[in-house]
Structures are given as C-alpha cells and as structure tokens.
Amino acid sequence: MASRRFFGDGEMNIKYVLKKDALIIAGLNKYFHDNLLKNNSDLFVDFDYDKTLEGFVNFLKNDRFYSYIVFDDLYPIGYAIFGFHNFPEPIFKNDKKKLFIGELLILPDYQNKNIGTILLNLIKDFAKENNVNRVETDFWVPNNQSISFFSKNLFKTEVTEMHLNVLNNHSEIKIKSFKENSNLQNNNSVYKFEYKKDIDVITNLSKIAHLDLENNYPDIIDKYDYKKFYKMFENQLKNDNYYSIIVYDDKTPIGLAVFQEFSYPSPPFKNNIKCFHIDHFDVIYEYQNKGIGSKLIDEIKNKAIDNGISRIALHVWETNYQAKNFYIKKGFKDVKICMINNLKNLL
C-alpha cells in the first residue's frame, strides 16, 4: 500500500510493506528502546544493535509473527511487529484468538501525520482477514503518547501490570515471617498461614476470583472447571520456582497466594533482575478487610528479600477497583498497561 503526503515543503511517498526484515527493524528499534530506557533506566540496558538484530532474526523466523515496515520512498520510517496468540486454558475459552501488537513505531519527524493510524488500520484489517476480532497491545508507562494514540483509535485499557520494588519498600526491621509467627489475631479469630502445595484446596479457592472474571468478561473467560484448574495447578506447583501460601480459619481454608519466581531476559533487560509474579491471590468475601491480604503480601515480600528478588509483579483487571486500590496501598505502582480493541463487522 502506498500514499502520497506533503511533509514541510516536500512530498512524501509513504509505503506500507508486509515484510520480515530484521536488519531494518533492528535499526529502527533504537528509537523504541531509547524511549523505554528513558523512563525505566533501572530495568533496561543500553541499546545494542547486534544483540537486537539477533533477537529479531530469531523472533521473525516464527510463522505466527509478522511485521509491517513503513517507507518514505526507500527510507524506512517506522514498523510494527505483531502475531497471533491463543488464549491460555483453562482460564480463557480455548476457541479464542487474538492478534497482539508487540511494537509499533513511527520516527518522530513523521508522527502526527496519520501514518501510525493507517498502519494500525492495516493491522486491524489483517486480523479481520484471519477471522480474529480482538487486537491487543501493551506498553510500559509513563507513556502518554501511546495511551493517547491507541485511545483515539478506540482501544481501551483492560489489564494493568503493577510492580512493588522490594528493595525500595522494606524497612531495616523485617516483618516477622511465618516461621516465626504463623498466626494473625483478629478479634476472637486466629488465622493460620502455611506454605503448602495442597492442589485440591488451591483449586477450590481459585474459584472465587474466576467467577468474578466470568461475570465481567464472558466473551473470553471460560466457565470454571475443577478438573482443568486442578491439572493447571498440579503442573505449576510441581516446579521448584512456584510457591503457594494457604490461609486457614481453624481448619477451614479462606485464602491463598500462588506466585512464581522468574528472571527477565537480557537484553533488553539488565542482567540478574529476578521477580516474583503473583498468579493467584484470593481471600473469600466474608474474610476480606481483616488484614489477611495485607499479611499475605508482607510474607511474599519477606520471601523476596530472602531470595534476592528485587520486584514483585502482578496483573489487575481494569474492572477490579477493590484489588487495585488494595495493591496501591501496599506500595505497588503501575508499570505497564494492556489495551484492547474488539473489532466489529468481521469480513
């Protein structure tokens, strides 16, 4: 696709080419990476062309991924990388697919000229042609420019990734761990917290949050299935990098946290940045607002300090205001947002 536009005193000959060219994309990626580095210098390394090129060469070998490159005549001025993904079972419906935009960049001198919007519309058309009606993207914040651009193109925020920087958010006197103090006194109740991989208990407790998701996102969230969830937790918790804490009122399980340890890939991230990601965090309704969730977060923080973990990460659905407010009070901050566009009128 080509279009002629005027730029200053000259005419532009803008072309949008569906093309996998790692050399061009790696060169343009410096502008994309430098923006990441400017706002997140504690996470990202300086741009390295050779390593970036190697990464894109390997990435674009995958048949599921595609790229558009934008040219002004023969001069590359932008690109987009995108691909098709299946939603993971058992949380999501297995017949649902999405097109995910990993990166979309237009060089600064060519921004605000409708070039990015045309590129985004081409990607939407590509999704429709492949019978996919959901387009997603995400980006690190702060990034008001991206938020404004995608919002104008009818994307809306669906999920926020939040981080707690453990090294900046703990005092010299560490909160007592469960090894030292396994109980939480609340009025006449004493709640017990145990590191325990009880798959049956965890599977049943996970139903709480899932039913809320079913109600709020019926188009993509599948019906709760005990057997499928049991198998998921069984596969996860057999790994040494997965942890689970169960909270009891006497012998009745009333809450849980399931979290995993992982390291960010370098590049583009700095070496040895290790993180806990909280995958599941549930307290049944009648036991909320009693300090149980707060103590769970404190223990995950303690475990992070013991393991040399610098960050705790989690994802919050946009409609879950109660959870987001809770995490903010515990010191979590927004670091990344996921925006979606549900396309209409499939071809």
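Our subject is the structure listed above.
Residues numbered from 1 in each chain as written. Predicted model: local features only at pLDDT ≥ 70, side-chain atom pairs only at ≥ 80, totals over all residues. Heavy atoms only, no water.

Visitor: Residue-level account of unusual backbone geometry, with values.
Guide: In this chain, valine 141 is followed by proline 142 through a cis amide linkage whose omega measures 5°. The residue proline 142 is located in the loop between β6 (134-140) and α4 (144-152) in this model. In this model, proline 267 is joined to proline 268 through a cis peptide bond whose omega is 10°. One can find proline 268 in the loop between β11 (252-263) and β12 (274-283). Backbone geometry places aspartate 73, a non-glycine residue, at a positive phi of 55°. Relative to the helices and strands, aspartate 73 is located in the loop between β3 (65-72) and β4 (75-86). (Helix = DSSP H or I, 4+ residues; strand = E, 2+ residues; numbered from the N terminus.)

Visitor: A description of the nonpolar core should follow, citing residues and the corresponding values.
Guide: Counting 45 residues, the largest nonpolar core has Tyr16, Leu99, Ile115, Leu119 and Ile123 as the members making the most contacts within it. Ranked by size, the runner-up nonpolar core spans 44 residues in total, among them Ile245, Val247, Phe276 and Phe281. (Core = buried A, V, L, I, M, F, W, Y, C linked by side-chain atoms within 4.5 Å. Buried < 20%, exposed > 50% of the residue type's maximum accessible area, 1.4 Å probe, protein only.)

Visitor: How would you sum up helix α1 (residues 22-39)? Please name residues and give values.
Guide: Along an α-helix, residues three or four apart share an orientation, since each turn contains 3.6 residues. With 18 residues, α1 extends 25 Å between its outermost C-alpha atoms, agreeing within 8% with the 26 Å of an ideal straight helix rising 1.5 Å per residue. By the largest-angle criterion, asparagine 29 marks the main kink of α1, which is about 35°. All of the buried residues in α1 are Ala22, Ile24, Ile25, Ala26, Leu28, Asn29, His33, Leu36 and Leu37. For α1, the secondary structure elements touched by its buried residues are α2 (49-60), β3, β4, β5 (97-106) and β6. The N-cap of α1, judged by a side-chain oxygen 3.2 Å from the amide nitrogen of leucine 23 a few residues on, is aspartate 21. (Expected span 1.5 Å × (residues − 1). Bend = angle between axes of the 7 residues up to and from the residue. Contact = heavy atoms within 4.5 Å. Polar contact = N/O pair within 3.5 Å; in protein donor to acceptor, adjacent residues only side chain to side chain.)

Visitor: Which residues make up helix α7 (residues 226-237), and what are the values?
Guide: End to end, α7 covers 16 Å across 12 residues, agreeing with the expected 16 Å (1.5 Å per residue, within 8%). Where α7 is concerned, the buried positions are Phe229, Met232, Phe233, Gln236 and Leu237. Looking straight down α7, one finds that the buried residues subtend no more than 115° of arc, so they occupy a single side. Backbone nitrogen of lysine 227 and a side-chain oxygen of the N-cap are separated by 3.1 Å at the start of α7; the cap is aspartate 225. (Arc of directions from axis to C-beta.)

Visitor: Outline the pairing of β11, supporting the account with residue identities and numerical values.
Guide: Sheet topology note: the strand β10 (residues 242-249)/β11 ladder contains eight bridges and is antiparallel. Within β11, the residue paired with serine 244 across the bridge is valine 258. The antiparallel pairing of β10 with β11 creates a hairpin that spans two residues between the two strands, and aspartate 250 there sits at a positive phi of about 60°. Alignment of β11 against β12, held across nine bridges, turns out to be antiparallel. Pairing of phenylalanine 262 across the sheet is with cysteine 275, part of β12. (Pairing = 2+ DSSP bridges.)

Visitor: Help me get a handle on the environment of serine 148, residues and values and all.
Guide: With respect to the helices, strands and loops of the structure, serine 148 is situated in helix α4. Given the relative accessible area of 31%, serine 148 is considered partly exposed. Separated by 54 residues in the primary sequence, serine 148 and isoleucine 202 place their C-alpha atoms 40 Å from one another.

Visitor: So what's going on with the pattern of salt bridges? Residues and values would help.
Guide: Enumeration according to the criterion identifies 13 salt bridges in this entry. Between glutamate 214 and lysine 223 there is a salt bridge, with the nearest N and O atoms lying 3.8 Å from each other. Under the relative-accessibility criterion, lysine 223 is labelled exposed at 63%. Ionic contacts of the salt-bridge type, sharing partners, join the residues Lys98, Arg134, Glu136 and Glu158 into one network. (Salt bridge = Lys/Arg side-chain N within 4 Å of Asp/Glu carboxyl O.)

Visitor: Go over the packing of aromatic side chains, please, and point to the residues and values.
Guide: According to the stated counting rule, one finds 28 aromatic pairs in the structure shown. Measuring from ring centre to ring centre gives 5.1 Å for phenylalanine 150 and phenylalanine 155, while their planes differ by 70°; the resulting arrangement is edge-to-face. Judged by its relative accessible area of 4%, phenylalanine 150 is buried. Overall, phenylalanine 155 belongs to the buried group, its relative accessible area being 4%. Joined through ring pairs, the aromatic side chains of Phe44, Trp140, Phe262, Tyr264 and Phe269 make up one cluster. Residue placement shows lysine 97 over the ring face of phenylalanine 84; its charged tip is 5.1 Å from the ring centre. Across from the ring centre of tyrosine 195, 5.1 Å away, lies the NZ or CZ of lysine 303, which sits over that ring. (Phe/Tyr/Trp six-rings, centres within 6.5 Å; stacked < 30°, edge-to-face > 60°. Lys NZ or Arg CZ within 6 Å of the ring centre and 35° of its normal.)

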